[in-house]
Amino acid sequence: MSVWDDLRGQAPVVAQLRAASQGDGLTHAWLFTGPPGSGRSNAAKAFAAALNCDQDDVTLRGCGECASCRTILGETHSDVTFVRTEKVTITIDEARQLVSKAGDRPASGRWRIIVVEDADRMAERTTNVLLKAIEEPTPRTIWMLCAPSPADVLVTIRSRCRPVTLRLPPAADVAALLVSRDGVDPDIADRAARAAQSHIGIARRLARDPEARERRMETVRFPLGLRGVTAAVMMAEKLVKIATDEANSSNDERDAAEKVALLASLGAPESGTLPPSMRSQVKQLEDEQKRRAKRSITDSLDRTLTDLLSFYRDVLVIQMGNAVDLVNVELRSEMERYAAGSTPEITLARMDAINTARVRITTSNVAPLLAVESMASSLIQQ
């Protein structure tokens with residue numbers, strides 16, 4: 001076992017990071033980029049563990065067995081800070097706290113490491129707060145920023161970082177990871193990896209949740225019965241409901257667990273009215289959960305539209321002569337009949353309509369249902 005085991009299909013990245021952890025090309029700032037699901041944050045976490053690994057022999061760094069490796073992978077190491085947000089952006093105050101934290105000397109490890117998993121969710125003025133700290137870091141401090149692409153980070157930041165570029169791993173590698181790490185049945189793992197289009201996190205959710213697989217298949221099948229405006233409106237309402245249910249199913253359990261943990265940490269009584277000081281902290285947690293829920297519904301709807309997009313991707317593959325494997329192979333016969341009733345140009349236009357809706361939902365204040373209804377009207381079969 002080593003910290004690199006979960007980075008399936010990323011051999012060049014593992015070689016680069018392993019060499020750096022042994023002192024070859026190590027620098028103070030790194031930028032991990034790659035499409036969603038490629039494992040950017042996992043690569044940064046593995047690298048952080050290798051850098052602070054307890055092994056004296058540099059060739060054994062990243063063993064995955066020592067106390068430092070285990071606590072970093074578990075995100076409990078005092079010298080490694082992980083920053084992620086489920087809000088729209090990382091705030092300036094949060095960035096200032098990072099700069100302050102980066103100035104501390106490591107308490108027990110070799111390096112003070114700051115991993116910013118959502119560097120693309122920082123506005124320009126927020127990113128500028130980090131600029132000087134990254135440009136002139138304190139000794140023994142390493143920054144690791146993660147974003148979908150270099151273009152998502154200010155040029156002044158990315159020019160000071162060493163790039164690490166990840167790709168989506170092959171579906172077979174994702175399936176193998178699900179089998180070895182999560183004990184998933186090989187057949188289910190293969191189908192989940194294919195349906196997720198190699199997005200590791202989504203593949204894991206599909207593999208472990210039969211209801212999630214059913215909701216996804218319902219989404220993918222929608223175009224087969226999309227005839228007329230009424231059907232388009234009904235499809236839009238159902239897509240938004242599927243995304244909301246998907247988000248709520250994961251949020252409810254998490255929210256309850258967070259509230260229980262907070263009350264336990266406060267020493268709250270098992271029954272009766274909470275003291276005012278405790279009520280204010282519970283209210284603060286509930287407000288944060290509401291903000292997170294709004295973002296999670298947006299993200300879930302984007303994933304739902306990505307599932308819908310996979311139908312038209314497969315239709316286009318069929319229309320162009322089956323040059324690559326289908327994502328939704330279970331629907332091949334139905335998609336072949338659908339593909340015969342249109343042209344590649346029409347299919348591309350429908351894919352553009354879905355992508356336009358995704359952009360509107362994730363980057364503007366447009367009501368999700370309106371954006372999806374507009375999209376659905378562009379998908380109606382003639």
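Residues numbered from 1 in each chain as written. Predicted model: local features only at pLDDT ≥ 70, side-chain atom pairs only at ≥ 80, totals over all residues. Heavy atoms only, no water.

**Side note on the side chain of threonine 126**
The test is simple: Elements are defined by DSSP. Helices are runs of H or I of four residues or more, strands are runs of E of two residues or more, and each kind is numbered from the N terminus. Buried residues are those whose accessible area, probed at 1.4 Å on protein chains only, stays under 20% of the maximum for their type, while exposed residues exceed 50% and partly exposed ones sit between those limits. Pairs of residues are marked as contacts when any of their non-hydrogen atoms sit within 4.5 Å.
On the secondary structure map, threonine 126 appears in helix 5 (residues 124-135). By relative accessible area, threonine 126 is classed as buried at 4%. For threonine 126, the contacting residues outside a window of four places in its chain are Ile90, Thr91, Ile92 and Ala95.

**Digging into the layout of surface pockets**
Defined as follows: Using only the protein atoms, space was sampled on a 1 Å grid; points where a 1.4 Å probe fits but cannot get out form cavities, open sets with protein on both sides within 12 Å along at least five of seven lines form pockets, and lining residues are those with an atom within 4 Å of a point. Grid points are joined across faces, edges and corners, and a volume is the space filled by probe spheres set on the points.
There is about 330 Å³ of room inside the second largest pocket. Lining the second largest pocket are 12 residues; nearest its centre among them are Lys294, Thr298, Ile361, Ser364 and Asn365. Secondary-structure elements contributing two or more residues to the lining of the second largest pocket are helix 12 (276-319) and helix 14 (344-363). Here the lining of the second largest pocket takes 4 residues from helix 12, the largest share from any one element.

**Observations regarding the domain arrangement of the protein**
How we decide: Boundary definitions for the domains trace back to an automatic or database domain assignment. Summed over both partners, the accessible area lost on bringing two parts together, with a 1.4 Å probe, is the buried area.
Assigned domains of the protein: these are domain 1 (10-165), domain 2 (171-208) and domain 3 (229-379). Placing a centre on the C-alpha atoms of domain 2 and another on those of domain 3 gives a separation of 20 Å. Each side of the interface is counted separately: domain 2 has 6 residues, and domain 3 has 8 residues. Carbon and sulfur atoms supply 44% of the area buried between domain 2 and domain 3, which totals about 610 Å² over both sides.

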